[in-house]
Amino acid sequence: EATAIGHVKMQPETLMLVMEGNAKKGDVLGTARIAGLKAAKKTSELIPLCHPTGLTKVTVDIEPDEVLPGLRVSATAAVTGQTGVEMEALTACPVACLTISDMVKAADRGMELSGIVLAEKKGGKSGHWKRES
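Conventions used here
- Residues numbered from 1 in each chain as written.
- Predicted model: local features only at pLDDT ≥ 70, side-chain atom pairs only at ≥ 80, totals over all residues.
- Heavy atoms only, no water.
- Pairing = 2+ DSSP bridges.
- Helix = DSSP H or I, 4+ residues; strand = E, 2+ residues; numbered from the N terminus.
- Contact = heavy atoms within 4.5 Å.
- Axes fitted to C-alpha atoms, helices over the stretch in contact; angles between N-to-C directions.
- Left-handed = near helix turned anticlockwise from the far one by under 90°.
- Nonpolar A, V, L, I, M, F, W, Y, C, P; charged D, E, K, R; others polar.
- Buried < 20%, exposed > 50% of the residue type's maximum accessible area, 1.4 Å probe, protein only.
- Arc of directions from axis to C-beta.
- 1 Å grid on protein atoms, 1.4 Å probe; cavity = no way out; pocket = protein on both sides within 12 Å on 5 of 7 lines; lining within 4 Å.
- Points joined across faces, edges and corners; volume = space filled by probe spheres on them.
- Core = buried A, V, L, I, M, F, W, Y, C linked by side-chain atoms within 4.5 Å.
- Salt bridge = Lys/Arg side-chain N within 4 Å of Asp/Glu carboxyl O.

**Observations concerning the sheet that holds strand S2 (residues 55-65)**
Move 1: Spatially, S2-S3-S1-S4-S5 is the arrangement adopted by the five strands of the open sheet, whose pairing is antiparallel. Bordering the open sheet on either side are S2 and strand S5 (129-130), each of which pairs with just one other strand.
Move 2: Judged from the two bridges that link them, strand S4 (residues 112-121) and S5 form a sheet pairing that is antiparallel. The partner of lysine 121 across the bridge, within S5, is tryptophan 129.
Move 3: Where helix H1 (residues 12-19) meets the sheet, it contacts S2 and strand S3 (70-79), and its direction lies at approximately 55° from that of S3.

Here it is in structure tokens:
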């Protein structure tokens, strides 16, 4: 299992627009989750030399952060096979962030996508690894 995190920094008004469900393109959070899920499943087609995995779980969580201000994205991928899923999590997270940006870019051209990192990895030959804060 692996988890990647990242965030989309935006104007407070844009965050309010997203959280109230008033974006012109529709449900920003739901669409971004679906995009992240699709991206994880397509990782081997997007990243050269990355082999397909039999994913058993993919989740994309998106939480508002008024201090940022913006949205924090966490993508987790899991597999029961003998391969890692870091690339699947690391693909899902920025695609979810890009989708958020695409859906509200008309309201806020200055959004910033950043902080995309592997946060934690469990299992496999190398065992458990967690990014220090």
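**Notes on the packing of helix H2 (residues 28-41) against helix H4 (residues 86-104)**
Move 1: As a packed pair, H2 and H4 sit with axes 7 Å apart at the nearest point and diverge in direction by 145°. Handedness of the crossing formed by H2 with H4: right-handed. Between H2 and H4, the contacting residues are Val28, Thr31, Ala32, Ala35, Gly36, Ala39 and Ala40 on the first element and Glu88, Thr91, Ala92, Val95, Ala96, Thr99, Ile100, Met103 and Val104 on the second.
Move 2: Considering only residue class, the contact of H2 with H4 consists of eleven nonpolar, four polar and one charged.

**Section: H1**
Move 1: Within H1, burial applies to Thr14, Leu15 and Val18. Angular distribution of buried residues about the axis of H1 spans 100°; they occupy a single face of the element.
Move 2: Looking at the packing, one finds that the buried side of H1 touches H2, S2, S3 and H4.
Move 3: Directly after H1, the chain includes glycine 21, whose backbone phi takes a positive value near 75°.

**Description of the layout of surface pockets**
Move 1: Approximately 240 Å³ is the volume found for the largest pocket.
Move 2: Lining the largest pocket are 14 residues, and of these Gln82, Thr83, Gly84, Gly123 and Gly124 lie nearest its centre.

**With respect to the nonpolar core**
Move 1: Counting 30 residues, the largest nonpolar core has Met10, Val28, Ile62, Leu71, Val73 and Ile100 as its most contacted members.
Move 2: Listed by contribution, the elements that provide at least two residues to this core are strand S1 (2-9), H1, H2, S2, S3 and H4.
Move 3: Once residues within four sequence positions are removed from consideration, valine 28 is found in contact with Val18, Ala23, Ile100, Met103 and Val104.

**Regarding the pattern of salt bridges**
Move 1: Taken as a whole, this structure holds five salt bridges when the rule is applied.
Move 2: As a salt-bridge pair, aspartate 102 and lysine 25 come within 3.2 Å of each other at their nearest N and O atoms. With aspartate 102 in helix H4 and lysine 25 in the loop between H1 and H2, the pair connects residues that are 77 residues apart, well separated along the chain.
Move 3: For aspartate 102, a relative accessible area of 32% corresponds to the partly exposed category.
Move 4: Residue lysine 105 pairs with aspartate 102 through a salt bridge whose shortest N-O separation is 2.5 Å.
Move 5: Since its relative accessible area comes to 33%, lysine 105 is described here as partly exposed.
Move 6: Connected through shared salt-bridge partners, Lys25, Asp102 and Lys105 make up one network.

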